[in-house]
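# Breakdown of the fold
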Amino acid sequence: MGVNPSNIYVGFNAIDVSRFHLESSQRRETTAQVAEIGHRFIYVGQLIPRKNLTAMMEAFARMREPSDQLTILGSGESESELKALGASLKILPQLTFLGDLPNSEIPALLASQDTLILVSIEEVWGLVINEALASGIHVVVSDVSGVAASVARMTGVFICGIQPDAIEGAMRRSKEGWKGPIFNPEILTHTPVAFAEVFAIALHVEQGSTATKAESKLG
């Protein structure tokens, strides 16, 4: 876009990762393991077309085993359509729609899951990926989501295209690679404080530049 590289400061869009990590860890410590189940996939967000949920559900229908589960949390204009699709794909026994939940309950919910899916066809960032990684679980994220490039090399991240076959492949790789919660995820270094420091550096440099220009005018 023609911006001088010296004027560009790169930060990592941040959430309170410590909170999600702590609360999810505490949830696991206080929850007894019940009956053996398969892999647990979850989506958290709006039920709208650009989230590409039909492709996600088709992918799940192709790769699922009888004990696997898909949970969808959220509400939106596509809810009825998605429930009908679940029936036509014959996955309703393994599909759960939770509706909306308070944000305070999300860490505990993520702690009970294995892989979060965000395969939007358009996504500026996708902060739920930060939340899932901080909670120690895998993520399957589309390569057009803003967050993808920043987390691609982190443990438990599976980048994919937006078509059902690509999503299916990423879901399979996540399931096959699952060895339990990630106890020290790399996302924990990307705190709001670290993000704020990037702004502080940029503002400090800009203020210094402005002061220099003012001095030059006075001189």
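Right above here is the structure, for reference.
What counts and how
Residues numbered from 1 in each chain as written. Predicted model: local features only at pLDDT ≥ 70, side-chain atom pairs only at ≥ 80, totals over all residues. Heavy atoms only, no water. 1 Å grid on protein atoms, 1.4 Å probe; cavity = no way out; pocket = protein on both sides within 12 Å on 5 of 7 lines; lining within 4 Å. Points joined across faces, edges and corners; volume = space filled by probe spheres on them. Nonpolar A, V, L, I, M, F, W, Y, C, P; charged D, E, K, R; others polar. Patch = residues over 30% accessible without salt bridge, like charges linked within 9 Å, V, L, I, M, F, W, Y side chains within 5 Å. Areas by Shrake-Rupley, 256 points an atom, 1.4 Å probe, with all protein chains shown as cover. Salt bridge = Lys/Arg side-chain N within 4 Å of Asp/Glu carboxyl O. Helix = DSSP H or I, 4+ residues; strand = E, 2+ residues; numbered from the N terminus. Buried < 20%, exposed > 50% of the residue type's maximum accessible area, 1.4 Å probe, protein only. Pairing = 2+ DSSP bridges. Right-handed = clockwise from strand over helix to strand, strands pointing away. Polar contact = N/O pair within 3.5 Å; in protein donor to acceptor, adjacent residues only side chain to side chain. Contact = heavy atoms within 4.5 Å.

Taken as a whole, the second largest pocket encloses approximately 240 Å³ of empty space. Here the lining of the second largest pocket is composed, by residue class, of seven nonpolar, four polar and three charged.

This paragraph deals with a nonpolar patch on the surface. A cluster of nonpolar side chains, namely Met 1, Val 3, Ile 8 and Val 10, defines an oily patch on the protein surface of about 530 Å² accessible area. Residue position: Met 1 is located in the segment before helix 1 (17–30).

Before going further, it helps to spend a moment on the pairing of strand 5 (residues 138–142). With five of five residues buried, strand 5 lies mostly within the body of the structure. As paired strands, strand 4 (residues 115–118) and strand 5 are joined by four bridges and run parallel to one another. If you follow Leu 118 over to strand 5, its bridge partner there is Val 141. Between strand 4 and its parallel partner strand 5, the chain crosses via helix 5 (residues 127–134), and the hand of that crossover is right-handed. Both strand 5 and strand 6 (residues 157–160) contribute to a ladder of four bridges, which runs parallel. Residue pairing for strand 6: Val 139 is matched across the bridge by Val 157.

Throughout the structure, instances matching the rule amount to nine salt bridges. A salt bridge links Glu 123 to Lys 51; its shortest N-O distance comes to 2.8 Å. Of this pair, Glu 123 sits in the loop between strand 4 and helix 5 while Lys 51 is found in the loop between strand 1 (40–44) and helix 2 (53–63), placing the two residues 72 residues apart along the sequence. Since its relative accessible area comes to 13%, Glu 123 is described here as buried. Arg 62 is paired through a salt bridge with Glu 168; the nearest N and O atoms lie 3.7 Å apart. Linking Arg 62 in helix 2 with Glu 168 in helix 7 (residues 164–177), this pair joins segments that are 106 residues apart in sequence. By sharing partners, the salt bridges in this structure join Arg 50, Lys 51 and Glu 123 into a single network.

A few words on the side chain of Gln 94. With respect to the element layout, Gln 94 can be found in the loop between helix 3 (79–88) and strand 3 (95–99). Relative accessible area serves as the criterion here: at 9%, Gln 94 is assigned to the buried category. A distance of 2.8 Å separates a polar atom in the side chain of Gln 94 from the backbone oxygen of Glu 65. Apart from the residues within four sequence positions on either side, Gln 94 is in contact with Phe 60, Arg 64, Glu 65, Pro 66, Ser 67, Asp 68, Gln 69 and Leu 70.

This next bit is on unusual backbone geometry. Positive phi is not limited to glycine here, since Asn 52 has a value of about 65 degrees. Mapped onto the elements, Asn 52 comes out in the loop between strand 1 and helix 2. Look at Lys 90: it is not a glycine, yet its phi comes out positive at around 60 degrees. Its location among the elements puts Lys 90 in the loop between helix 3 and strand 3.

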